[in-house]
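Notes for the structure review
In case you want the letters, here they are:
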Amino acid sequence: MRLSLAVSLSLALTASLPAAGDIPGVKLMRPDSLAGWTYGEKPPAGWTISEGKLHGCRDSTPLLSGFSAADGEQRFDWSATAEAAWRILMPEVPAGSGLELVLREGEHCAQLKDGPNVIAPGAKVGPAGGRMHTAAIRRAEGKLAVAIDGRRLYEVEIAPARRFALGLAVLGAEASLANLRAAEPAGKPLFNGKDFSGWWTPGNLGAWTVEEGELVLAHPGSGNYLRTETQFANFTLSFSYKMAKGGNSGVGIRTPRAGWPSGDGMEMQFWDRPDSEKLDKHQTMAIYGNVPPLARFDRSEDWNHVVVKADGPMVSAWVNGELVQQVNTLQHPELKHRHPQGWIGFQDHNDKIRIRDVRVLEAPPGPGLEAWRRPLPATGETVVLDRLMNPERLSVPEAVRSGVACRSIAADNSSEHVLAELAGPGAVVRVARSSDEGDLAFYFDGEDRPRLECKPADLWHAGTEISEDTGPVLTFLGYEKSLRIVLRNARNADYRIEYLRFPAGIPVTTFDGAGSGFPHGWLSAVNYRHEQFDWGVHRENDPRPRFGCEPRTIQPGRTEVLVHVPGTGIVHWTKLLAAKTVLADNDLWLEATVDGESQPAVSAPARYWFPLFAGNSDNPHGFILVDRGGPTNMLAMPFGEGITISARNCGKKPVPGIGFLVSVEPATDANREAIKARMRLRGVFQPASGDGNLWIEQAGRGRWVALVYQQPEGRPRAVDSLEIDGHPAEGWRGGTLDLFFGQAGDFRKCLSGRNGNLAWRYLILAPVEFERSLVLKSSGDKLGERLALFYVRH
């Protein structure tokens, strides 16, 4: 039987077996952490790792691996005290209790259960004499065999179609485990060693050649992928590659035919870099841009053997037998939107590469183990970043409240100025300022010394880097108890600090360096998405259905339906298929009507839907507004009984070339009621007025998420007050519009900007919650046109 590391391995269990450390295969555990294992709703407890051994006790929480298989073998070394035993759990994929193997010294070692039934009683195993026992579990041809210390104990029949995952638990006192390895059959060759049958590329096929049975990129430079004609969903892929020093390439998986791995599927990166470099989202076996590797074991200018396993939401990778990557894509803010199947391909990244022994073992399609599909418990960090990456989460009611602290400094001396004193649990998420004077100091949880000190202009990367915007700074500075923010050595400055308060059920980790408190790969994904928007990439090839219309001419005074989607679902993004010149004035209006209501939920000039492009702007870094094939807005629109988007021509001339496209997540039986319970996006557009100071007013229960405002020349420049449920909100009175939007003059930032007199702000990080009403008043009596957007309970 050929195994996935391309070595010959005898699976006979009747003879004396070597120690697990000598068995070829892939390691399922890291020597320094529990990375690669999931652990339910709470972090693992009661486990320690020392000298490459895993130690547990009766208080240890069960562990669940991201690995599953049908035929194959797992081997490991184990020990247990007289009062203890190992439970080797093999839950059935996709669901079911599956098998359980109990390892202990004495009688009934290796007792095997299938659900509640004992199918093998095990045998007596004596003490190991100060050493660890060995165990081997082999499945092949409908049979499962178990050997302990090189002695085969039994063989039982197990239906070949059944697949099992792998978990660990301890019964009784203390137990240890080491050298856990697994091997699977390598599967069928993907490359025949002679020609490119079964492969294609939209690039230059002539760049690739075959030499001595190896796939060789002999003439690099087309910048594309050599791709399989076949689409693969769940599989184990194995191959070896060799690159020149400094070379760059990658293997793409689960990518749609016309898609690109790093944006639509997944690219497992190859990059020959010095070992001294830190692990980041570009290193070898990173899921490019989104998840850094756990470790590196690639060898420069030498052959490296790679195993990539995709199983439902679990994607894992090994280099030279060592676990270097594992992510549950359903628990990742970006990868959960990627395709569940697609081509496999190798990248031409302008560097020569040789690839050999390419094999794939296909597994049945499906969503993987049921336990893997459970959502992560919410934390302050995950709530905020998920809202930023996936604005549809803003439509979910959550008891997270925002606040504002404003401080104006005009001092004769540059002594210490307290900008904010905040009670936890909470997080600062946005800092706008008028000046770079002085030094900032952040005192967390009542500490006497600041954990974070920096120049104001350096806060964007000295703290938690959410974007590269230097002002306003988007960040996440969590605090469990309190946060005191101080400005020193400054005489003149205005600050607007926006923060969140989390309820008891949503814990937050106190800031302790960039990345503290965030799941592995989340910050990388946010940084990469912010970068991708600059190129226009915005999930335009996501797997969801599309609804839209071809461009047409809208006659004066006419309203035409552009999109109608029946049933229940969520519109994840809207795209205007038209020239940006239609955003130069208010002639073209867009209207969204949900749930069969008589009045539109949102009705406003099209340029207020896509304000960044009203000045024919190109893409900046961002999260909400982007242009690829047409101005696009990522604010989601849930609907329970259909949604209709129409165009209305309020001008005097025909408006030609108006089309529309939306990406829709249709409801399933599992989530239909949850989608119906979501808040609906509502837009209140108001014309300019010359009397009164009422800026925004919204009744009901909801969340304010955006403001687009045509500022009258010269005024108003300040907020008079914000009232929430009839009570004044702290920090809003007297705050300047420049700091609310971000800064003075024209600018384009991730969530805000200004082009001439048209300014926009998306309050994604710190939306304003209200239970009964929200009223915003200006400090002047001349108000410009504005569109306020809310998620409101229906």
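Read on for a plain summary of the structure.

Here is what the cut-offs are and how they apply
- Residues numbered from 1 in each chain as written.
- Predicted model: local features only at pLDDT ≥ 70, side-chain atom pairs only at ≥ 80, totals over all residues.
- Heavy atoms only, no water.
- Helix = DSSP H or I, 4+ residues; strand = E, 2+ residues; numbered from the N terminus.
- Rg over C-alpha atoms; globule rule 2.2 N^0.38 Å.
- Buried < 20%, exposed > 50% of the residue type's maximum accessible area, 1.4 Å probe, protein only.
- Contact = heavy atoms within 4.5 Å.
- Areas by Shrake-Rupley, 256 points an atom, 1.4 Å probe, with all protein chains shown as cover.
- Lys, Arg positive; Asp, Glu negative; His and termini not counted.
- Charge placed at Lys NZ, Arg CZ, Asp CG, Glu CD.
- Pairing = 2+ DSSP bridges.
- Axes fitted to C-alpha atoms, helices over the stretch in contact; angles between N-to-C directions.
- Core = buried A, V, L, I, M, F, W, Y, C linked by side-chain atoms within 4.5 Å.
- Salt bridge = Lys/Arg side-chain N within 4 Å of Asp/Glu carboxyl O.
- Parallel < 35°, antiparallel > 145°, perpendicular 65-115°, else oblique.
- Left-handed = near helix turned anticlockwise from the far one by under 90°.

**Here we look at the overall build of the protein**
- If you tally the helices and strands in the protein, you get seven helices and 60 strands.
- Taking 28 Å as the expected radius of gyration for a compact globule of 794 residues, we find that the protein reaches 29 Å, a close match to that expectation.
- Its C-alpha atoms give the protein principal-axis dimensions of about 95 × 60 × 50 Å.
- Relative to its full complement of 794 residues, the protein shows a buried share of 57%.
- Considering only residue pairs separated by 6 or more positions, the protein has 74% of its internal contacts joining residues 24 or more positions apart.
- Put simply, the protein shows about 30,100 Å² of open surface, and 48% of that area lies on carbon and sulfur atoms.
- Positive and negative charge centroids in the protein, built from 88 and 94 side chains respectively, lie 2 Å apart.

**Looking at the pairing of strand β34 (residues 426-433)**
- Along β34, eight of the eight residues are buried, which leaves the element largely enclosed by surrounding structure.
- Inspection of the sheet shows β34 paired to strand β37 (residues 473-479) by five bridges, in the antiparallel sense. Its bridge partner being in β37, Ala427 is matched across the sheet by Gly478.
- Sheet topology note: the β34/strand β39 (residues 492-501) ladder contains seven bridges and is antiparallel. Within β39, the position partnered with Arg433 by the bridge is Tyr495.

**Digging into the sheet that holds strand β33 (residues 417-423)**
- Sheet architecture is open: four strands sit in the order β33-β38-β35-β36, paired in antiparallel fashion. This sheet does not close on itself; its edge strands, each paired only once, are β33 and β36 (452-454). When the angles between neighbouring strand axes are averaged without regard to direction, this sheet yields 10 degrees.
- In the sheet, strand β35 (residues 439-444) pairs with strand β38 (residues 482-488) via six bridges, with the strands oriented antiparallel. Across the sheet, Leu440 pairs through a bridge with Leu487, a residue of β38.

**Considerations on the nonpolar core**
- Counting 81 residues, the largest nonpolar core has Phe502, Ile658, Phe660, Leu751 and Tyr762 as its most contacted members.
- Discounting chain neighbours no more than four positions away, the residues touching Phe502 are Gly380, Val384, Val400, Pro425, Gly426, Ala427, Phe476 and Val508.
- Trp47, Ala69, Tyr154 and Val170 belong to the second largest nonpolar core, which has 46 residues in total.

**Quick notes on the pattern of salt bridges**
- Applying the stated rule across the entire model yields 54 salt bridges.
- Between Lys143 and Glu157 there is a salt bridge, with the nearest N and O atoms lying 3.6 Å from each other. With Lys143 in strand β15 (residues 143-148) and Glu157 in strand β16 (residues 151-157), the pair connects residues that are 14 residues apart, well separated along the chain.
- Accessibility expressed as a relative area gives 64% for Glu157, which makes it exposed.
- Note that Asp720 is salt-bridged to Arg733, the shortest N-O span being 3.5 Å.

**Here we look at the packing of helix α2 (residues 380-389) against helix α4 (residues 522-532)**
- Between α2 and α4, the shortest axis-to-axis distance is 11 Å and the interhelical angle comes to 25 degrees. On the basis of the axis angle, α2 is roughly parallel to α4. When you trace α2 past α4, the crossing you get is left-handed. On α4, the residues touching Thr382, Leu385, Asp386, Leu388 and Met389 of α2 are Trp522, Leu523, Ala525, Val526 and Arg529.

**So, the sheet that holds β34**
- With antiparallel pairing, the four strands of this open sheet are ordered in space as β32-β39-β34-β37. Whereas interior strands pair on both sides, the edge strands pair on one side only; in this sheet they are β32 (401-410) and β37. Strand-to-strand twist across the sheet, computed as the mean angle between neighbouring axes with direction ignored, equals 25 degrees.

**Describing unusual backbone geometry**
- The linkage connecting Gly424 with the following residue, Pro425, adopts the cis geometry, with an omega of 0 degrees.
- Structurally, the position occupied by Pro425 is in the loop between β33 and β34.
- In this structure, the amide linkage connecting Gly471 to the following residue, Pro472, adopts the cis form with an omega of -5 degrees.
- For Pro472, the position within the fold is in the loop between α3 (459-462) and β37.

As far as function goes, none of this settles anything; it's purely spatial.
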